[in-house]
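# Understanding the architecture of this molecule
Listed below, chain by chain, are the residues.
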Amino acid sequence: MHLFRQIITTLFCASLLVACGGGGGGGGGGGDSSNSPNSGGNPAGDWLTFNPSVIDISVYEGETVPVTVTGTSTKTFSKTFNIAIVDSVGVITPTVNVSAITPMQYRVSLNSNPALKPGVYTSNIQVRLCEDDPKVCNTPFPGSPWTLPMKLTVKSKADAAQRISITTGSIDISANEGDSLPIRVAAKLGKDLPPAFNMGIIDLNDLTNSSSAVGFQYKPDQEYGADFVIKPNLAPGAYSGQFEVRLCIDDPRSCNQPLAGSPWLVPYKINVKSKAAGIAVNITSSPTVLDFVYYEGETMQFNITAESQADTGKVFNVGIYDSGRNSTIKNINKLSNTKSVTTLQTSPSLKPGVYNSTLEIRTCADDPIDCKWPFAGSPKQIPLKITVRSNTNLTPLKPLPQLSGWSTFQGNAAHTSYVASSFYASNFLRRWSWSTSASESISDISIDNGVLFLEKRNYASANSNHVLLALNEVNGQVLWNSPMGVLSNVNSPAAGNGKVFVTSTGHGDTYFWVFDQVNGTLLNKIPMSSQWETYFAPTIYGNEVFTESGYYGGMSKYSITDQKMAWSVGLPQYDKWTPAVDANYAYSYLAGSLHAVKKTDGSIAYTIKNPDYSWAFYGGGTPVLSEKNMAYVVANGLQAFDLSKQTRAWSVTGNISGYAAYAKDVVYILNSNGTVLEARSAQNGSLAWVASTLSSDNMSRNFNTMVVTDNLVFVSSSSYTMAIDMNTRKVVWEHPFGGSLAISDRGVLYIRGNTRIDAINLQ
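Values in this document were obtained by computation on a predicted structure and should not be read as measured data. (Residues numbered from 1 in each chain as written. Predicted model: local features only at pLDDT ≥ 70, side-chain atom pairs only at ≥ 80, totals over all residues. Heavy atoms only, no water.)

### As for the state of the cysteines
Throughout the structure, instances matching the rule amount to 3 disulfides. What pairs with C248 in a disulfide is C255, and their sulfur atoms sit 2.0 Å apart. Residues C248 and C255 share a disulfide whose torsion about the S-S bond is about -100 degrees; that sign makes it left-handed. For C248, a relative accessible area of 0% puts it in the buried group. For C364, the disulfide goes to C371, at an S-S distance of 2.0 Å. (Disulfide = S-S within 2.5 Å. Buried < 20%, exposed > 50% of the residue type's maximum accessible area, 1.4 Å probe, protein only.)

Here it is, written out as structure tokens:
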């Protein structure tokens, strides 16, 4: 079957007559054309020649190549004619264009068939000139038809891939987060390309920025390329993609008409490193060693601090994972882009026993669960040890013969806060813990005959119901309670001589109360005068009890034997103190002077001024007495008064917390706002030794209460209690609860908080 191609172009004779030299033209004169495709075989057609006379072209599979043939005539005709081009093989497309170059010369534009498979194709293309329909051509022009041989070599797409060579080597780039590193993609174009096309280099994965469309003047064997930069907003991670080098007849962005072989793929890899990768993060724990001992049902909190050495521009993330699930994160406080503090809490459900686990601390630029982008040194592992002890340890109690009860503020009439015994941390164990409700508070305690005495109040209102309580040392059970009624204020009790002594203050609510230790029966209630002062516990010395008193300040003595006030004396009006008492005098430190009051009649025997006194507040001072007739007061530092010479003997400056303690010719103070324990000579104040690390966890705490024994000093803050060995100056015991301290003659340490009392066996 012949494939017929019709050119819808009609040539009019009128345009050729002059060139012809007359009408008709016959068939003569046409045989002289040497390049006629019919020469030798069709002399009548020599008047029409073609250039080229033989078509020999190569093309790539899927591509079309334009072919231009020029037809030249030596005759003219008066008749109109039709032209047809017939391809019997199908090497050309149906689209043919004929256009006049001159009146005697025409251009025929053909296109190779892009549907042909690779191979070599030959065809004799027939050119018909006819007066009638060229499909049948019953009236051909002289010499028609002409034959135009054509050879078409179709190359494979694999061959087409060799038309250009990618000169860019392997693209495998490592970049830091936020970098815009350059990438150049280049290709060298071969010779086997059409004269006109467009080139584009496209990032298929859109991981880079560039003006990738390339406009150029094609020159064979010349390199063309495009520059790209990595997008600076790529998150850390490993990326892979491809560049496409496109050769297209149309716009390479769409490339609906690609050249054979196009596109050429250039793979690339980009590894974006997190900014965190090169930045170290310091991980510290507080306490430094996570080794906790506490009691069943309680918890401990600790902190993990992560601080980076440089600012990455965004907050880093911290993840902490306990291998034993013995602790959980309570709070994460992101202080800045470079610092984060995580608070963890041990599990309250742990039963008595020892638990060891490991904390894995991850510092990451992404989610710590995945932590694909860790900071340098992440993860870090910190061991965690938890020892949970039983809540109660009710071992038998027995009085220590060398000890007496804790009768008043700092234990005794001299307020030395000294207990003449040695205790060893290996024996320490919580005996019991007692608590009141959260809406109540409790006073300091006094201890006598195996019983604790304290006052409890409901502080929800200004005038509260006050109750005096007695707790059994053995198990913490309430032995009795004695309601005191609604009062403005009730102060801490003192205990001795089988009695409990309490003061209440607040104008008309001011009384001196006496209760029976055994059953809490009220034995005496004596009116006194005061304004709104708070008193410390009364001081018991033999059969006498001394207390702060007076509407405008003063001191009173109560006679246990006579069951009445023996005397009262006016003193400067300060509160929060109690007299220190020896065999002859009762002492107070008020308004920058030590006042010695005769016990016999309440007259002021003498006054010793502090030459360095400067007023700070209306808080009085409670002196600490030694057996060598010295008195020590914390006021404007530490003041030492020689009672025999009635002069100030020496002083030590500093920011001292709480009160001094005294034992065996040594004065103990908590200096530097309660962060340093100092032991000083009682004779001249010289420093004997110092313990400056008042915790094993290096946490800053302000200690303000202490009790001295023969080998240990117990110190306490509002939340923590510890024991310091006098010989090593090291912490040998810690307890995660703080408050005022007392030690009973049964060898039990009591820690009194606002609503709770912990009893610690010391033996």
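Read on, since the account is not over.
### Thoughts on the sheet that holds strand 44 (residues 593–598)
On the basis of which strands lie adjacent, the open sheet formed by 4 strands has the order 42-43-44-45 and antiparallel pairing. The open sheet has two edge strands with one neighbour each: strand 42 (580–581) and strand 45 (604–609). Direction of pairing for strand 44 relative to strand 45: antiparallel, over a ladder of 5 bridges. By the bridge assignment, V597 is partnered in strand 45 with I604. (Pairing = 2+ DSSP bridges. Helix = DSSP H or I, 4+ residues; strand = E, 2+ residues; numbered from the N terminus.)

### Structural notes on the sheet that holds strand 12 (residues 182–189)
Taken together, 4 strands build an open sheet; the order of strands is 10-12-16-14 and the sheet is antiparallel. Each of the sheet's edge strands pairs with one partner strand only, and the pair in question is strand 10 (164–166) and strand 14 (208–209). As paired elements, strand 12 and strand 16 (residues 223–230) share 7 bridges and run antiparallel to each other. Each residue of the ladder has a partner; that of P182, found in strand 16, is V229.

### A closer look at the side chain of S441
Take S441: it is sitting in strand 28 (residues 440–442). Residue S441 is classed as buried on the basis of its relative accessible area of 16%.

### A word on the pattern of salt bridges
Here the idea is simple: oppositely charged side chains can pair when their charged atoms come close. Scanning the entire structure with this criterion turns up 23 salt bridges. Among the ionic pairs, R184 bridges to D227, the shortest N-O distance being 3.1 Å. In this pair, R184 sits in strand 12 while D227 sits in strand 16, placing the two residues 43 residues apart along the sequence. Look at the salt bridges and you will find they share partners, linking E298, R430, R756 and D758 into a network. (Salt bridge = Lys/Arg side-chain N within 4 Å of Asp/Glu carboxyl O.)

### Structural notes on the nonpolar core
One finds F428, F714, L749, Y750 and I757 to be the most contacted residues of the largest nonpolar core, which totals 33 residues. At 4 residues, the largest contribution of residues to this core is made by strand 59 (residues 748–752). In contact with F428, other than residues within four places in its own chain, are R389, F423, L712, F714, A723, W733, I760, N761 and L762. Of all hydrophobic cores here, the second largest spans 30 residues; its members include V98, I125, W146 and L148. (Core = buried A, V, L, I, M, F, W, Y, C linked by side-chain atoms within 4.5 Å. Contact = heavy atoms within 4.5 Å.)

### Side note on the environment of A306
Looking at the secondary structure, you find A306 in strand 21 (residues 301–308). For A306, a relative accessible area of 1% puts it in the buried group. Between the C-alpha atoms of A306 and R325, which are 19 residues apart in sequence, the distance is 21 Å. With sequence-adjacent residues up to four places away left out, A306 is seen in contact with V281, N282, I283, F316, V318, T338, K339, S340 and T363.

### What about the side chain of E548?
Examined against the element boundaries, E548 turns out to sit in strand 39 (residues 544–548). Salt bridges are absent for the buried E548, whose nearest opposite-charge side chain, K576, sits at 10 Å. Only 3.4 Å separates the side chain of E548 from the side chain of W577, close enough to count as a polar contact. When residues no more than four places from it in sequence are discounted, the contact partners of E548 are M528, E533, T534, Y535, G554, Y574, D575, K576, W577 and P579. (Lys, Arg positive; Asp, Glu negative; His and termini not counted. Polar contact = N/O pair within 3.5 Å; in protein donor to acceptor, adjacent residues only side chain to side chain.)

### Describing the confidence of the model for the chain
Should the pLDDT be low somewhere, the predicted coordinates at that spot are not to be read in detail. Predicted confidence across the chain gives a mean pLDDT of 88, with 92% of residues reaching 70 or more. Segment residues 1–36 is flagged for pLDDT under 50; beyond a separation of four residues in sequence, or across chains, it makes 91 contacts in the model. (pLDDT = per-residue confidence, 0-100.)

### Some words on the pairing of strand 22 (residues 317–322)
Burial within strand 22 is extensive, with 5 of its 6 residues counted as buried. Of the strand pairs in this sheet, strand 22 and strand 25 (residues 353–364) are connected by 6 bridges, and their pairing is antiparallel. By the bridge assignment for strand 25, I320 is matched with I361.

### Some remarks on unusual backbone geometry
Residue P145 follows S144 across a cis peptide bond; omega there is 10 degrees. Along the chain, P145 falls in the loop between strand 8 (119–130) and strand 9 (146–155). Following S262, the chain continues into P263 via a peptide bond in cis, with omega recorded as 5 degrees. One can find P263 in the loop between strand 17 (237–248) and strand 18 (264–273). For A591, which is not glycine, the phi dihedral falls at a positive 55 degrees. Looking at where A591 falls in the secondary structure, it is placed in the loop between strand 43 (585–590) and strand 44. Judged by relative accessible area, which is 34%, A591 ranks as partly exposed.

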